[in-house]
Every structure is written in structure tokens, then in C-alpha cells.
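Fold and geometry: a report
So the chains spell out like this:
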Amino acid sequence: GADTGGAGLAKFQVRYRRATPTSGLGAYTYPTSWQVLSASTRHVAASLAAGSSYCYSVRALDRAGNTSAWSPDKCTRSPLDDRALLRSGRWTLAKSPAAYRGTTVTSKIRLSKLTSAKARITRVALIATTCRTCGAVTVRVGSIVKTFSLHSSTTRTKRIFALPRFSLRTAAVVITVVSNGKPVIIDGLGLSSS
């Protein structure tokens, strides 16, 4: 970083860049209010677009106007909401204040499917509700398939079921109901390329 010469730390500046599930990272954005921060952390989760990746970096400024180099990017991806998934078979849409982004989709019909758009990914995590009567689903990424039971002794929302990490690929994710007559309540899908 810059030699402050004893001038003391004055503020931090934060920038970010965004990628959608189908695009690469764009140019950096420098929000005006993020250029005069007194702390190097910023809470932005409420404003993240579902399914998009955000990469942040920070630099420090001292009272003499010297700046450090920008830090390496730290990236995060906001999960896709259930409404972003293509539905086939029979699904019921519902609103719930306990759900991610306030919505869920439910099916009791075997072979009903939810499919994401193709994305560059190395990790996948299903966000679902578990309950005493809940059924099971498979999550498929190409030839990688894992079955998840959504059964639990009590109802629990926003449960995360992750596939093991795999090599980078461009693929759609397919969630398939494998039980019959038991509710499968899907809340979202997390996709990551890092």
C-alpha cells in the first residue's frame, strides 16, 4: 500500500463488479456513498440480484490523500429464487415470509422438474424446506446426480443441500421430484463458479 508517513487512516473506498449466470464479470462500479466509508465492511445482501455474482474490492486512503492498492476481489453469488427456474409437471406457487425472497414452489407429483438456465458452475446447492411428510428430489448437473431426502422431524425452512464440488462446466441444473404423494418444497438454487 501507500506510505502514509504517519498521516493516519482517513477512509475506505469500495468498488464491485457483477456477472449474471450467463455473462462474464462487467466493469467496476464505484457507488458514490461507498467512496467515503469509515469501515472496510459494507452490508449489501438485500440489494443483490438473485442469481448474480458480485466481486468486491477495497482500498484505504490516509489523511494526506495517499491510497493503497485495491485488494484482490472477494466474490459472492446470490442464489436463484425458485421463480427463476423453469417448471415442468405440476407445481404450486406460494408466498412465505420465512422463505428466501418470500416464495416457494411445491410439488407432490413424481418426475415434476425444475430447471435452471445454463451457467458456468463448479458448485450447486439446493435451498428447500424439510418436514415430517416431505419427499425427495434428485439434483442433476450433466452426469452428476445426487438424491436428497427432504424429511426431518420438524419443519425447517431455507435448508441447504450441496452437491460435491466438480470441475468447471457450463450446464443447466435439473431438480426432479423422485417421491410420489409427498410434498417437495423448493426455495432456491445456489450456483457458484469459484
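A brief report on the enclosed structure follows. None of these values were measured; they are calculated from a predicted model.

Strands sit in the order S5-S8-S15-S11-S12 across an open sheet of five strands; the sheet is antiparallel. Single-partner strands in this sheet number two, and they are strand S5 (86–88) and strand S12 (144–149). Neighbour-to-neighbour, the strand axes of the sheet open up by a mean angle of 20°, direction not taken into account. Alignment of strand S11 (residues 136–141) against S12, held across six bridges, turns out to be antiparallel. Across the sheet, the residue bridging to Val 137 is Phe 148, located in S12.

Okay, the pattern of salt bridges next. With the rule as written, the count across this model stands at two salt bridges. Residues Arg 83 and Asp 82 are paired through a salt bridge, measuring 2.4 Å at the closest nitrogen-oxygen approach. Taking relative accessible area as the criterion, Arg 83 reaches 30% and is therefore assigned partly exposed. The class for Asp 82 is buried, based on a relative accessible area of 0%.

Here we have three strands laid out as an open sheet, ordered S1-S2-S3, and antiparallel in their pairing. Each having just a single partner strand, strand S1 (9–19) and strand S3 (74–77) make up the two edges of the open sheet. Sheet twist, expressed as the mean angle between neighbouring strand axes with direction ignored, is 25°.

Right, let's talk about the nonpolar core for a bit. In this structure, Val 124, Ile 175 and Ile 186 are the most contacted members of the largest nonpolar core, which totals 29 residues. Secondary structure elements with two or more residues in this core: strand S9 (119–121), strand S10 (123–130), S11, strand S15 (174–177) and strand S16 (184–192). Of all hydrophobic cores here, the second largest spans seven residues; its members include Val 14, Trp 34, Leu 37 and Tyr 54.

What follows is about the environment of Leu 111. Position of Leu 111 among the secondary structure elements: in the loop between strand S7 (103–107) and strand S8 (113–115). Sequence-wise, Leu 111 and Ile 175 are 64 residues apart; in three dimensions their C-alpha atoms are separated by 9.2 Å. Leave out the neighbours within four places in its chain, and Leu 111 touches Thr 176 and Val 177.

With that out of the way, let us pick up the packing of aromatic side chains. The geometry of an aromatic ring pair comes down to the distance between the two centres and the angle between the two planes. In the structure shown here, the tally under the stated rule is six aromatic pairs. Taken together, a centroid distance of 6.5 Å and an interplanar angle of 55° make the contact between Tyr 28 and Tyr 30 tilted. On the basis of relative accessibility, which here comes to 25%, the residue Tyr 28 falls in the partly exposed class. Of the residues examined, Tyr 30 reaches a relative accessible area of 42% and is grouped as partly exposed. Here Phe 148 and Phe 161 contribute two aromatic rings whose centre-to-centre distance is 5.5 Å and whose plane-to-plane angle is 55°, an arrangement assigned as tilted. Linking Phe 148 in strand S12 with Phe 161 in strand S13 (residues 156–162), this pair joins segments that are 13 residues apart in sequence. Of the residues examined, Phe 148 reaches a relative accessible area of 7% and is grouped as buried. One Lys or Arg, Arg 15, reaches over the ring of Tyr 28 and ends 3.7 Å from the middle of that ring.

Quick notes on the rules
Residues numbered from 1 in each chain as written. Predicted model: local features only at pLDDT ≥ 70, side-chain atom pairs only at ≥ 80, totals over all residues. Heavy atoms only, no water. Pairing = 2+ DSSP bridges. Helix = DSSP H or I, 4+ residues; strand = E, 2+ residues; numbered from the N terminus. Axes fitted to C-alpha atoms, helices over the stretch in contact; angles between N-to-C directions. Salt bridge = Lys/Arg side-chain N within 4 Å of Asp/Glu carboxyl O. Buried < 20%, exposed > 50% of the residue type's maximum accessible area, 1.4 Å probe, protein only. Core = buried A, V, L, I, M, F, W, Y, C linked by side-chain atoms within 4.5 Å. Contact = heavy atoms within 4.5 Å. Phe/Tyr/Trp six-rings, centres within 6.5 Å; stacked < 30°, edge-to-face > 60°. Lys NZ or Arg CZ within 6 Å of the ring centre and 35° of its normal.

Read these as geometric descriptors, not functional statements.
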